[in-house]
Each structure stands twice: as C-alpha cells, then as structure tokens.
Amino acid sequence: MNTRRLILLGFVAILALLPLLNLLPEAHPLHVSDFLVSIIGKWICYAILALALDLAWGYAGILSLGHGAFFALGGYAIGMHLMRLIGPRGVYGHPVLPDFMVFLGYTELPWYWLGFDWFIFAFAMALIVPGLLAGIVGYLAFRSRITGVYLSIITQALTYALMLAFFRNDMGFGGNNGFTDFKELLGMPLNSGHTRAILFYASLVSLVLVFLMCGALTRTKYGRVLTAIRDAESRVRFLGYDTTRHKLFVFVLSAMIAGLAGALYVPQVGIINPGEFSPGNSIEAVVWVAFGGRGTLVGAVLGAFSVNALKTWLTSVAPDLWLIVLGCLFIAVPLLLPKGLIGLIRRRGETKP
C-alpha cells in the first residue's frame, strides 16, 4: 500500500473518531465539541461536492459553474421530506401543509410535494432531479458542441435562474426563507447528539464510497477516454468515439453525486433556502478543486477541507476579508499552483534525495 493511501486511511480514521470523542466529558482533554463535529460534517458534504465537480472538470474537462444548483436541489428534496414530517407540530398545527403554505393561503398540498412523506422517495428525488436537469442541459449543450467558457456561462446562468425562481413565494418552496425548523429524520430527533453522530458517519461513509467509485471509474477504459476528451476532444471524436455520450454520462453522474452531498448537508445544518443556489457557491467549489489539484480526487477532498477550514477561521476573526481572500485564491491558484496542493506535494517528493 503506497504512502498516499496510508495517509488517506489515517485521515478517514481520525474523522471517524470525532463523534466518539464528542461523547467524552467536556473537561476531558480529548473532548470534541458539538460545533466541531457539526462543522466537519458540513466539510465532508463539501468534499463529496468537490469530488463530483472534479469528476466532470478534472477528468472530462467540463468546467461547470452550476454544481451548486445540483447540490441545492438535492438539499431541497430532503428538506421537503423533513417539512412533511413536521405535521401538526408546526406553528399552525396543520396535519398536512407546512407552516409557510398555511401562511401563504394554500388550501391543499401541491402535486409535486406528493410522495415526499416517504424518505426513500425523497432520497431518490435528491439524486434523480439533479441528474435529470444535468441530462437535459448536457444533452443540448454537448450535442451542439458547446464547450469551455460558453458551457460555464450556461451552467452559471442556470444556477442564477433557479435561485431567482426559488425566491418566489408562488413556487411552493418557502420563498426567501426556504425550509427550516426540522424536527426529526427516520424517527430520530435532529437536535440530539446521537442523530448528529449518525449523520456524520453517513456522510463519511458516502464520501469514502464516492471516492472509491470515482477512482474505479477513472481507472477504466472509459476513464481514459474521458481524460483524452479533456485533452483533445476533436482527436477522440476523429477516432470514432461518441464524445457526446461520454460527456453526458459523466455530467449526469457528477450532478447526482452533488445532489447526494446536498441531501446529506441539509439535515446537519437544519436549513435550506435559495441562497444555496448562489453562483458564488459554485465558484467556491471550483476553487476547492483547483486549490487541491484537479484531476486527482485526493486533491478535491484536500481542497474542500483546507479552503473551508480557512473560511471558517477567517469568517470568525475577520469576516469582511473572506471574499477578498477567495478572489485572491481564484487568481493565484492558476498562476502559482497550477496543479494544486497535490502537485506541490508531488514536486517536493521528487526533489528529495
């Protein structure tokens, strides 16, 4: 087993210990706070999103600025399920309608909310809806051979359009406030440490499984074709490969992984609103992947954790500086770290005697 895999296993093992250390008494030197477990659970979800983007951008050359939308759609699907579970425990005590619908004068549940009282259905929609949207957009774009910056603009415009749509009260998704005040998931109260630990482990297991799946995919012949498409699509097309089909499959799969990340994220943070569709969120995800090292998978995970750790620290000590730092990273990484942190680590390893 090589050194990189050992480091990765050690990293996963350390993360797996955190909820257990949270059970120790607060006075214990190894005690981990509720806040730290919660924030790292969020970072794990962000790492899954980074893997999704790296699969499309790092291996197929599809620079999407809309993965934040796929992430948010997955979150909204689970959020709809959590809202259905509130029932008569809401402020208005309606047995079927969420509070915001009662407040806005709805008399019956919209048809597109049907079925979301079942967790399996909601979880399936968290994967299917982002995948379906990516399939439609990808098919129209790839069939027309739209690539590069033009595709990036289209995906960003899609994200912005969805954000504006979800802000509308008449869409039936809570408008500006979105969904919050969740009570339980699968019979477990969301405000308990036990549930928080289960969600943490569910996210960690999902991260490992997605990482292994992406790694296995990229090592196959299909993965090598994707890399060839990234480097010289016209040559691959000339050799007889259907590049549209290859790119469409990986784009849809990437969107579904992003939806999974959003579905795991919402129960942990306790809220989902249209702000998650903000184009800035998609740009941040691109920075994670670029900073860690695109086309490496390990780099995507490393970038998601390191950049979000920097963001968490900086927003607590100097919140006004974060956007400036993010902009500097967006400019500096391509100039100073074109292969990201992974490239820097590899280069230092090669120069050692």
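Shown above is the structure to which this text applies.
From a predicted model like this one, the values you see are computed outputs, not experimental measurements.

What counts as what
Residues numbered from 1 in each chain as written. Predicted model: local features only at pLDDT ≥ 70, side-chain atom pairs only at ≥ 80, totals over all residues. Heavy atoms only, no water. Helix = DSSP H or I, 4+ residues; strand = E, 2+ residues; numbered from the N terminus. Rg over C-alpha atoms; globule rule 2.2 N^0.38 Å. Buried < 20%, exposed > 50% of the residue type's maximum accessible area, 1.4 Å probe, protein only. Contact = heavy atoms within 4.5 Å. Lys, Arg positive; Asp, Glu negative; His and termini not counted. Charge placed at Lys NZ, Arg CZ, Asp CG, Glu CD. Salt bridge = Lys/Arg side-chain N within 4 Å of Asp/Glu carboxyl O. Polar contact = N/O pair within 3.5 Å; in protein donor to acceptor, adjacent residues only side chain to side chain. Axes fitted to C-alpha atoms, helices over the stretch in contact; angles between N-to-C directions. Parallel < 35°, antiparallel > 145°, perpendicular 65-115°, else oblique. Nonpolar A, V, L, I, M, F, W, Y, C, P; charged D, E, K, R; others polar.

Enquirer: Just to check I follow, could you spell out the overall build of the chain for this structure?
Expert: Across its full length, the chain holds 13 helices and 4 strands. By the compact-globule yardstick of 20 Å for 353 residues, the chain fits well, its C-alpha radius of gyration being 21 Å. Its C-alpha atoms give the chain principal-axis dimensions of about 65 × 55 × 40 Å. The buried share among the 353 residues of the chain stands at 48%. Summarising the internal contacts of the chain: among those between residues at least 6 apart in sequence, 76% fall at separations of at least 24. Placing the 25 positive and 16 negative side-chain charges of the chain at their respective mean positions leaves the two points 16 Å apart.

Enquirer: Even after reading the chapter, I still don't get the pattern of salt bridges, so can you show me in this structure?
Expert: Think of it this way: side chains of opposite charge can pair up when their charged atoms draw near. In total, this model carries 8 salt bridges according to the counting rule given. Across the salt bridge formed by glutamate 184 and arginine 89, the nearest N and O atoms sit 3.3 Å from each other. On the criterion of sequence distance, the pair formed by glutamate 184 in strand S2 (residues 184-185) and arginine 89 in the loop between helix H3 (67-86) and helix H4 (99-103) is long-range, its members being 95 residues apart. Classification of arginine 89 by relative accessible area gives partly exposed; the value is 43%. The residue lysine 311 makes a salt bridge to glutamate 284 at a minimum N-O spacing of 3.3 Å. Of this pair, lysine 311 sits in helix H11 (residues 298-317) while glutamate 284 is found in helix H10 (residues 279-292), placing the two residues 27 residues apart along the sequence. With relative accessibility at 25%, the residue lysine 311 sits in the partly exposed group. Among the charged side chains, a network of salt bridges with common partners joins Glu233, Arg237 and Lys247.

Enquirer: I'm lost on unusual backbone geometry in this one. Help?
Expert: Trans peptide bonds make up the majority, and among non-glycine residues the majority have a negative phi. In the Ramachandran plot, aspartate 181 falls in the positive-phi region, its phi being about 60° despite a non-glycine side chain. Within the element layout of this structure, aspartate 181 appears in the loop between strand S1 (179-180) and S2. Look at aspartate 181 and you get partly exposed, because its relative accessible area is 39%. Even without being glycine, leucine 186 reaches a positive phi, approximately 55°. Here leucine 186 lies in the loop between S2 and strand S3 (188-189).

Enquirer: Help me understand the side chain of aspartate 54 in this model?
Expert: Its location among the elements puts aspartate 54 in helix H2 (residues 34-60). A distance of 2.6 Å separates a polar atom in the side chain of aspartate 54 from the backbone nitrogen of glycine 295. When residues no more than four places from it in sequence are discounted, the contact partners of aspartate 54 are Tyr59, Val289, Arg294, Gly295, Thr296, Leu297 and Ala300.

Enquirer: Whenever I open this one, the side chain of glutamate 233 confuses me. Can you help?
Expert: In this structure, glutamate 233 sits in helix H8 (residues 221-238). Sequence-distant contacts of glutamate 233, that is, excluding residues within four places in its chain, are made with Thr147, Ala228, Thr243 and Lys247.

Enquirer: Whenever I open this one, the packing of H2 against helix H9 (residues 243-269) confuses me. Can you help?
Expert: Helix packing for two helices is described by the angle between their axes and how far apart those axes are. Contact pair H2 / H9: the axes reach a minimum separation of 9 Å and the direction vectors enclose 170°. Taken together, the axis directions place H2 and H9 in an arrangement best described as roughly antiparallel. Contact residues: H2 offers Ser38, Gly41, Lys42, Cys45, Tyr46, Ile48, Leu49, Ala52, Leu53, Leu55, Ala56 and Ala60, while H9 offers Val250, Leu253, Ser254, Ile257, Ala258, Ala261, Leu264, Tyr265, Gln268 and Val269. Across the contact of H2 with H9, the residue classes tally to 17 nonpolar, 4 polar and 1 charged.

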